[in-house]
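Architecture at a glance
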Amino acid sequence: MTGPSRRSLLAGTVAAAAGTAGALAARPAAAAAAAPTGSPAGGSGFPAVTVGPGDPRYGDLVVGNNARWVGRPETVRLVATTEHAVRAVQDAVDGGKRISVRGGGHCYADFVFNPQVQTVIDMTPMNGVSYDAGRKAFCVEAGATLLDVYEALYKGWGVTIPGGRCHSVGVGGHVSGGGYGMLSRKHGLTVDHLYAVEVVVVDAGGRARAVVATREEGDPHRDLWWGHTGAGGGNFGVITRYWFRSPGARGADPAGQLIHPPKEVLVSALALPWSALDEKAFTGLVRNYGAWHEQNAGADSPYASLCSFLTLCHQANGTVSLLTQMDAGVPDAERLLHDYVASVTASLGKGAARPMTAPVGENPPMPDLFHPRRLPWLTATKFLGTNNAALVNPTLRGAHKSAYMRKGFTDGQIAAVHRHLTRTDLRNPSSMVSLLSFGGRINAARPGDTASVQRDSVFKALFQSMWADRADDDANVRWTRESYAEVFAATGGYPVPGPATDGCYINYADTDITDPAHNRSGVPWQTLYYGANYPRLQRVKAAYDPGNVFRHPQSIALPATP
């Protein structure tokens, strides 16, 4: 997420790339030995810890990345092994306690921290990354952060997963919601590389146990694996470990089991000043972004390795921003990137773009990236994922709404965006609409292959506002609601599945989506998130959480009783 007066693109796009999940550092790749299949990897001597309100650690454990949501649970159970997690769940079930699960704390809504929760199971100590020779897959514990995973996989074996940008997001919720990032147009969603998942579930008799589910067709628990490929966290049980292996991987060499990132990437970061953006130029900029993504959405496009975030900050910010990354090894990569930037910014006057800068106290500037620069992949990943002052700011509050876009915005929608970004009743530099590249290999999968049903969009949109003072809650929430509702007014204020839009992203959870006063579309929130996959998700729920132990304000519901 970002600071309350951010002016660089990173401020918007780090928030956009975040999902839900983990914290703390993973063990170094060099120390990550091959764990035997089924063994309780992790822990590294970390004890099972129970923290209550009287403990000085309590305050640090009951708030996530969005400071609007602060919990008051009776206990926080920090777990470092699968056995710890089983015991914590069993104790809560035996005591009749409402459970939630924390990974990295990046949930945009109150799924983890809400007044009903009595026990929070905190996964952050369970953060190992290792290679499982028995499964020929990489084991990643659910409390590991994305940056920990990227560093361990790449430094240890030269491989990676196509996950999100924000470095402190934990894999637990990020992966279970689908997972998406700057390599996804080339390699698909994170879950397209998910081989197995370990989950602590509770049976009808109230017994907690750990179940490992794989994507193998003959696995009796395959539906549980499928449920963790896009339903989001906190629905079926406590996720303790994931295993990753790319489809089609062969042989026994660990370096052949996952994708290899580019050796180098080209990174371009432009700030486009509002002074150069009259309404005509703004309309052209947003229209060009949508049209380019419609025309270059194919997995076989020479632009499949290009990912670009257009962040339309409020006029009070001073600029809108365009951040683009492309595989530098693609033939003629520099020309392709130049042509992309020229196409999107064609409505602006010559010389309108300038290097990203930021005033003192804001996010660090990136003037060196005004002209595209070649960087080693991991260097770029760490720089783009950590170059954001807001990631260390625990005071930020936020409101978020998302849309999958099958087509670019209409001129009427662009006019609505422009109107709200130039409002004077709220002048928050961190109110914005971010547009995020989608398509490519993501859309090669069928909607039912994974629980992530949205498989033919060309970009995503994230409407959001961030602020620090509780007194500003009403104004910022109102701005986010009103801008989003007007853009999608033709479909009842939400992007219902249809020719131009395809619902919402569960990892950008929206607290209003269940409220008919805001969602006037007549389309249930379950359909907006899950489409035709929702009934199957309900069957998974009935099979693995028949007592509805694991629930939150927007969790998968048990099927209706006949």
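Refer to the structure presented above.
Overview of the structure. These numbers were taken from a predicted model, which means no experiment stands behind them.

Description of the overall build of the protein
- Check the secondary structure of the protein and you find 14 helices and 17 strands.
- With 562 residues in all, the protein has 63% of them scored as buried.
- Within the protein, residue pairs in contact and separated by at least 24 positions form 74% of the contacts whose partners lie at least 6 positions apart.
- Put simply, the protein shows about 19,200 Å² of open surface, and 53% of that area lies on carbon and sulfur atoms.

With respect to the sheet that holds strand S6 (residues 137-141)
- Reading across from one edge, S5-S6-S9-S7-S8 is the order of the five strands in this open sheet, with antiparallel pairing throughout. Either end of the sheet is taken by a strand with one partner, and the two such strands are strand S5 (129-132) and strand S8 (208-214). Here the strands of the sheet are splayed against their neighbours by 25 degrees on average, with no regard to which way each runs.
- By the bridge criterion, seven bridges tie strand S7 (residues 194-202) to S8 in an arrangement that is antiparallel. Across the sheet, Val202 pairs through a bridge with Ala208, a residue of S8.
- Lying on the sheet, helix H4 (residues 146-157) is in contact with S5 and S6; it crosses S5 at an angle near 50 degrees.

Quick look at the environment of Ser465
- Tracing the backbone through its elements, the reader meets Ser465 in strand S17 (residues 459-467).
- A sequence separation of 35 residues divides Ser465 from Ser430, and the C-alpha atoms of the two residues are 5.7 Å apart.
- Here Ser465 is in contact with Arg397, Gly398, Ala399, Asn428, Ser430, Ser431, Asn476, Trp479 and Thr480, once residues within four sequence places are set aside.
- Of the polar contacts made by the side chain of Ser465, one reaches the side chain of Asn476; its length is 2.6 Å.

Things to note about the packing of aromatic side chains
- Under the defined criterion, the tally for this structure stands at 23 aromatic pairs.
- On the numbers, 5.2 Å between centres and 85 degrees between planes, the contact of Phe463 with Tyr484 is edge-to-face. Here Phe463 is found in strand S17, whereas its partner Tyr484 is found in helix H12 (residues 473-487), with 21 residues between them in sequence.
- In this structure Phe463 comes out as buried when scored by relative accessible area, which is 0%.
- Taken together through their ring pairs, the aromatic side chains of Tyr289, Phe409, Phe459, Phe463, Tyr484, Phe488 and Tyr494 make up a single cluster.
- Stacked on the ring of Tyr180, the Lys or Arg Lys460 has its end atom at 4.2 Å from the ring centre.
- Above the plane of the ring of Trp226 lies Arg536, whose end atom (NZ or CZ) is 3.9 Å from the centre.

Some details on the side chain of Ser308
- Within the element layout of this structure, Ser308 appears in strand S11 (residues 307-313).
- At 2.9 Å, the side chain of Ser308 and the side chain of Thr324 are in polar contact.
- Among all residues touching Ser308, those that are not within four sequence positions of it are Tyr289, Leu322, Leu323, Thr324, Tyr340, Leu435, Leu436 and Ser437.

Topic: the side chain of Asn235
- Structurally, Asn235 is set in the loop between helix H7 (222-227) and strand S9 (238-244).
- Under the relative-accessibility criterion, Asn235 is labelled buried at 1%.
- A distance of 3.0 Å separates a polar atom in the side chain of Asn235 from the backbone oxygen of Ala231.
- Those residues in contact with Asn235, other than ones at most four positions away along the chain, are Tyr530, Lys541, Asp545, Phe550, His552, Ser555 and Ile556.

Some points on the environment of Tyr131
- If you trace the backbone, Tyr131 turns up in strand S5.
- Using a relative accessible area of 6% as the deciding quantity, one classes Tyr131 as buried.
- Note: C-alpha distance between Tyr131 and Trp243 (112 residues apart in sequence) is 8.8 Å.

A few points about the pairing of strand S4 (residues 119-122)
- Alternating positions in S4 separate into two faces, Thr119 and Ile121 on one and Val120 and Asp122 on the other, with burial throughout.
- With four bridges joining them, strand S2 (residues 75-78) and S4 adopt parallel strand pairing. By the bridge assignment for S4, Arg77 is matched with Ile121.
- Where strand S3 (residues 99-102) and S4 come together, four bridges link them in parallel fashion. Along S4, the bridge assignment pairs Ser100 with Val120.

A few points about unusual backbone geometry
- Backbone geometry places Lys136, a non-glycine residue, at a positive phi of 55 degrees.
- Tracing the sequence through the fold places Lys136 in the loop between S5 and S6.

Here's the deal with helix H9 (residues 333-344)
- Taking 1.5 Å per residue, 12 residues should reach 16 Å; H9 reaches 17 Å between its end C-alpha atoms and fits that length.
- Turning to H9, its buried residues number three or more, namely Ala333, Leu336, Leu337, Tyr340, Val341 and Val344. Across the axial projection of H9, the buried residues extend over an arc of 130 degrees, all falling on one side.
- Here the buried face of H9 lies against strand S10 (264-273), helix H8 (279-295), S11 and strand S12 (319-327).

Analysis parameters
- Residues numbered from 1 in each chain as written.
- Predicted model: local features only at pLDDT ≥ 70, side-chain atom pairs only at ≥ 80, totals over all residues.
- Heavy atoms only, no water.
- Helix = DSSP H or I, 4+ residues; strand = E, 2+ residues; numbered from the N terminus.
- Buried < 20%, exposed > 50% of the residue type's maximum accessible area, 1.4 Å probe, protein only.
- Contact = heavy atoms within 4.5 Å.
- Areas by Shrake-Rupley, 256 points an atom, 1.4 Å probe, with all protein chains shown as cover.
- Pairing = 2+ DSSP bridges.
- Axes fitted to C-alpha atoms, helices over the stretch in contact; angles between N-to-C directions.
- Polar contact = N/O pair within 3.5 Å; in protein donor to acceptor, adjacent residues only side chain to side chain.
- Phe/Tyr/Trp six-rings, centres within 6.5 Å; stacked < 30°, edge-to-face > 60°.
- Lys NZ or Arg CZ within 6 Å of the ring centre and 35° of its normal.
- Expected span 1.5 Å × (residues − 1).
- Arc of directions from axis to C-beta.

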